[in-house]
Each structure stands twice: as C-alpha cells, then as structure tokens.
Amino acid sequence: MSADNYNAPDYYLLDELLTDEHKLIRDSLRAIVKKEISPIIEECCQKAVFPKHIIKILGNAGAFGPTIPSEYGGAGLDYISYGLMMQELERGDSGIRSTASVQGSLVMYPIYAFGSEEQRRKYLPPLAAGDKTGCFGLTEPDYGSDPGGMVTRLKDSGSHYLLNGAKMWISNAPFADVAVVWAKDEQDVIRGVIVERGMKGFTTPETHNKWSLRASATGELVFDNVKIPKENILPGVKGLKGPLACLNMARYGIAWGVVGAAMDCYDSALRYAKERKQFGKPIASFQLVQKKLAEMITEITKAQLLCWRLGTLQNEKRATPAQISMAKRNNVNMAIQIAREARQIHGAMGITGEFPIMRHAMNLESVITYEGTHDIHLLITGQDITGISAFQ
Ligand code: TGC
Ligand code: FAD
C-alpha cells in the first residue's frame, strides 16, 4: 500500500463537540493505526493472516472494554470515547475493529454485566490487557438471523454441565483463549457459559476462502460433550435478551467504526481526484466526480452526527436498541456505498492494494451482514415504530 497520508474529514467542525480527552484518545488511536496497522494491513489481507501482535498493542491502548470500570482493567471511559476508538480502528481495517468489538463488547461486556464477581476478577483484567483473547458464540449453522432457534445444548450433569453443539462464523475463534457461548438448558432457557481453550471436546476449526475480512480470523466452535464447571455459567441473565444486550454494545461500536472506513475511502478519493489528470485536467474538475465527492462528504457528515447524538444518548443511558439498530444499518450502508463510489474515482487503480478502497469495500460486505443484517435492522425499526413484528 502507498504511504498513509490520511487527513480525517470534519466538514461540520464536529471536533468542537468533543472534549480534550476525547480528542486525545482519538488522536492516540489514529497514531497507532498509522504506525502499526497501515504499514502491514494490505499484506495481511492479501495473505489472509490476522496480525496477532496487534492484540497486545490494542490492550495497551485501552481499546478492549473502554467503558468497563478500571477496577476490572477497563479504561472507564464514556461512549463517545469508545465510538471514536472504533472509528479510528476501522479506518485502519474492519477486521481490526472487529477484534476490539468482540473482545470488549461481546466477551468482556457479558462477563462484566452478567458474570459473578469471581468471573469478573478472573477474566476481565487479562482480556483488557490483551494477554488473553476471547470470542462470542451465538450464530449456528441453521440459526443466524434467528438465534432464538439455537440447538446447542447445556445439560446439568450434577457436578458440571455438558455442552454439545456447534457455532459458526465466529470471529477470533481459531485462537481465542476463552469463548462466551450461548446455549439452551434442559428447560429451553438460553444461558451464557464461559468455555476455555483446552477443555476436552472443544475444537475451533478455521473458516477459509473468505473474500472479506481477510485480516480477521473466523472459525467454528464445536462442542462434543464438553464438561463445563458450574462456576463458568453467567449467573446474571437468562433468555435471548442476554446475547442481544451484548449485540447492542457491539452494534453501537460498528455504527462509529464504519464511519472511519468511509472517511478513509473519501479522503483517498479526494486526494486521488485532485492528483489524477485526464483530458488535460485533474479529474476533480469534472462535475460528475465532484458530485460523487460532494455526496460522500454529505453522507459522512450525517453519519458522524448520528453517531455523536447516539453516543450522547448512550452516555445518558437513554439510547434504545432500536436507535442503535438504525445507526448500525444507516452507517454501514453509507460506508459501503462510499467505498463503491471511491473505487470508481480511483479507476483501475481502485482495484489494487495500492489504495485501501477495495479492502474496505470487501470488508464492509461482512459488516453489513454480521451483528444483524441490513434487513433485520430495518425490521427492528419497523417493529419499533409500528409495534408489530414482521420477523415471522
Ligand atoms: P424477541 O422476542 O424480539 O426478543 C427476545 C427477548 O430479547 C429482548 N430483546 C432485546 N434485549 C436487549 N437488546 C436487544 N437489542 C433486544 N432485542 C430484543 C426482548 O425484549 C425479549 O426479552 P424478554 O424478556 O421478553 O424475553 O426475539 P426474536 O427471537 O423475535 O428475535 C429478534 C431479532 C430478530 C431482532 C433478534 O434475534 C436479532 O437481533 N437477530 C439478529 C442476530 C444477530 O445480530 N446476530 C449477531 C451474532 S454476533 C455477531 O455477528 C458478531 S460479529 C462480531 C465482529 O466480528 O465484529
Ligand atoms: P441468514 O439469517 O440465513 O439470512 C440470509 C438472508 O435472509 C439475509 O439477507 C437476511 O436479511 C434474510 N432474512 C433472514 N430472516 C429474515 C426475515 N425474517 N425477514 C426478512 N429477511 C430475512 N456470529 C457470532 O455469533 N459471533 C461472531 O463472532 C460472528 N462473527 C462473524 C464474522 C463474519 C466475517 C461473518 C460474515 C459473520 C459473523 N457472525 C458471527 C455471524 C453473523 O452474525 C450472521 O452471519 C448474521 O447474523 C446473519 O446470519 P446468516 O449468515 O445465517 O444469514
């Protein structure tokens, strides 16, 4: 990839809405991305390798569980800080942001919110520091958008539980030390359990041949009569609302994250359009190219404002799951459209690894599907405004 000359767009002077601490956190993540991620990410994607050494760097930067209190190793920050961190990481690559989302929102959050005090003290500090890695098992081969139908089973065997079943499409599964897994008990109630690598009968085969999120490791979680100690169940929640509450946290981060990917595509397209000459003039001088760029910055600005307002509501504990769904859906769609338009502005160069565009575009094809598809989030909004579920 050519040099990282990123210049973050801020058309509506949104920096003025941020505190000095927000800006410090944002700038420090921006510098980490420039130094540690931009120089290697293209090769990682080409080779389909997740850069594992980044985990410790992200841990040191406070990117894992930024809103979790410091007594458990978190950074104790607010939700705007968390959002800005995800924005910067996804500016680097959606796969890197995915790792932070999974670790912080889908593994640390449920242990913090639903775990016992012993579980919090045992698992959260090493996860926050990046000394351990986690993954989140909800999706199954036959239950994606409809996780309530899951067939993974937890059976009470007296001194322990027995876990049987399989999860699919799990980010970080191939190397995670711990997995927060959702399964139905004998009363058909969904429960969360912490499964540790090394438990007999637990395997994590990697999923290959992805054209998207190539710098993120994806795999399965397979449970064959895995003995789960009783103390590994999350005592604080029962039912589908447990995993869905975790998804609220991660979807919030994605709403911010994808704005970073869009900002990177726009910035690259603007620079390229001013430098690239055709018909004796920079292509930025043609109306059709200006239309693309003008529409991009308009949509980015709207998405930035949506994030900022959602973050403010989240800080006040007033953001609803449906508001989070709207932001996730709108912003991912916005980012994918911008990546496609930016690809066109770069002409043939846009399909190469010299620019980040095609990588972002391909990554966003996963982001628009995971954590609830584009259409599922539309139906969540529909249900919220009509009071009628159209899921089935
Ligand atoms: P439904 O009957 O509507 O709800 C069941 C219970 O859950 C409650 N609830 C929520 N609670 C918290 N947050 C939310 N967002 C909630 N939505 C619903 C609800 O109140 C009810 O509670 P209770 O007390 O009455 O039992 O459930 P449903 O079966 O009709 O499903 C609703 C639907 C379709 C919206 C939901 O299942 C859904 O969101 N499906 C999408 C699945 C999904 O997003 N999967 C993501 C897997 S993880 C992932 O993709 C990680 S990628 C990570 C990365 O790499 O970044
Ligand atoms: P399906 O549910 O089969 O949907 C297929 C299509 O049908 C979609 O277009 C969908 O919108 C549509 N559809 C489904 N139901 C309806 C309906 N009622 N009305 C209208 N349309 C409908 N999961 C985890 O648990 N943990 C992870 O870490 C994780 N990481 C992932 C990483 C990657 C790279 C990917 C691609 C996925 C990951 N997932 C993870 C899984 C992800 O959450 C699911 O792929 C997603 O929820 C959709 O499920 P599905 O792929 O089975 O699609």
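In this report, we go over the structure that sits alongside the text. (Residues numbered from 1 in each chain as written. Chains lettered and ligands numbered in written order. Predicted model: local features only at pLDDT ≥ 70, side-chain atom pairs only at ≥ 80, totals over all residues. Heavy atoms only, no water.)

Focus: the overall build of the chain
Let me state the cut-off plainly: Each helix is a run of H or I in the DSSP string that is no shorter than four residues. Each strand is a run of E no shorter than two, and both are numbered from the N terminus. For the radius of gyration, the atoms used are the C-alpha atoms, and the globule rule reads 2.2 Å times the number of residues raised to 0.38. Burial classes follow relative accessibility: with a 1.4 Å probe on protein chains only, a residue under 20% of its type's maximum area counts as buried, one over 50% as exposed, and anything between as partly exposed. By the convention used here, residues are in contact when the closest approach between their heavy atoms is within 4.5 Å. The protein chains shown are the only cover counted for residues, whose accessible areas, like all others here, come from Shrake-Rupley with a 1.4 Å probe. Charged residues are defined narrowly, with Lys and Arg counted positive, Asp and Glu counted negative, and His plus the chain ends left uncounted. By convention, the charge on Lys lies at NZ, on Arg at CZ, on Asp at CG and on Glu at CD.
In terms of regular secondary structure, the chain is built from ten helices and nine strands. For 392 residues, the compact-globule formula gives about 21 Å, and the C-alpha radius of gyration of the chain, at 21 Å, lands near that figure. Overall, the C-alpha framework of the chain stretches about 80 × 45 × 40 Å when taken along its three principal axes. Taken over 392 residues, the chain has a buried fraction of 55%. In the chain, the share of contacts with a sequence separation of at least 24, taken over all contacts with a separation of at least 6, comes to 75%. Within the structure as shown, the chain displays about 17,000 Å² of accessible surface, and the carbon and sulfur contribution to it stands at 54%. The distance from the centre of the 44 positive side-chain charges to the centre of the 43 negative ones in the chain is 2 Å.

As for the environment of Ile-37
Structurally, Ile-37 can be placed in helix α1 (residues 20–47). With 117 residues separating them along the chain, Ile-37 and Leu-154 place their C-alpha atoms 40 Å apart. Among all residues touching Ile-37, those that are not within four sequence positions of it are Ile-32, Ile-54, Gly-92 and Ile-96.

Quick word on a nonpolar patch on the surface
Put simply, the rule is: Nonpolar side chains (Val, Leu, Ile, Met, Phe, Trp, Tyr) within 5 Å and like charges within 9 Å form the patches, drawn only from residues with over 30% relative accessible area and no salt bridge. The term salt bridge refers to a pairing of a side-chain nitrogen on Lys or Arg with a carboxyl oxygen on Asp or Glu at a separation within 4 Å.
Where nonpolar side chains cluster on the molecular surface, the patch consists of Tyr-11, Tyr-12, Leu-17 and Leu-305 and spans about 440 Å² of accessible area. By the secondary structure assignment, Tyr-12 is in the segment before α1. Residue classification places Tyr-12 among the exposed residues on the basis of a relative accessible area of 55%.

A word on the site of ligand 1
Stated precisely, the cut-off is as follows: One heavy atom within 4 Å of a molecule or strand makes the whole residue count as near it. Think of a polar contact as two N or O atoms within 3.5 Å of one another; within protein, one of them needs to be a possible hydrogen donor and the other a possible acceptor, and neighboring residues in sequence only count if both atoms come from side chains. A cavity here means a set of points on a 1 Å grid, drawn over the protein atoms and nothing else, where a 1.4 Å probe fits but cannot get out; a pocket is an open set with protein on both sides within 12 Å along at least five of seven lines, and a residue lines either one if it has an atom within 4 Å of a point. Assignment of a molecule to a cavity or pocket requires that more than half of its atoms lie within 2 Å of the corresponding grid points. Amino acids outside the nonpolar list (Ala, Val, Leu, Ile, Met, Phe, Trp, Tyr, Cys, Pro) and the charged list (Asp, Glu, Lys, Arg) are all regarded as polar, and Gly is one of them.
In the neighbourhood of ligand 1, 25 residues make up the surrounding shell, with Ser-171, Asn-248, Arg-251, Glu-371 and Gly-372 lying closest. Ser-98 places a polar side-chain atom, nitrogen or oxygen, 2.9 Å from an oxygen atom of ligand 1. Contact distances for ligand 1 include 2.8 Å between an oxygen atom and a backbone N or O atom of Glu-371. Expressed as a share of its isolated accessible area of 1,100 Å², the protein-covered part of ligand 1 is 71%. More than half of the atoms belonging to ligand 1 lie within 2 Å of the grid points that define the largest pocket. Of all the secondary structure elements, the ones that give two or more residues to the shell around ligand 1 are α4 (94–114) and α6 (241–275). Each residue belonging to the shell around ligand 1 can be placed in one class, and the counts come to 13 nonpolar, eight polar and four charged.

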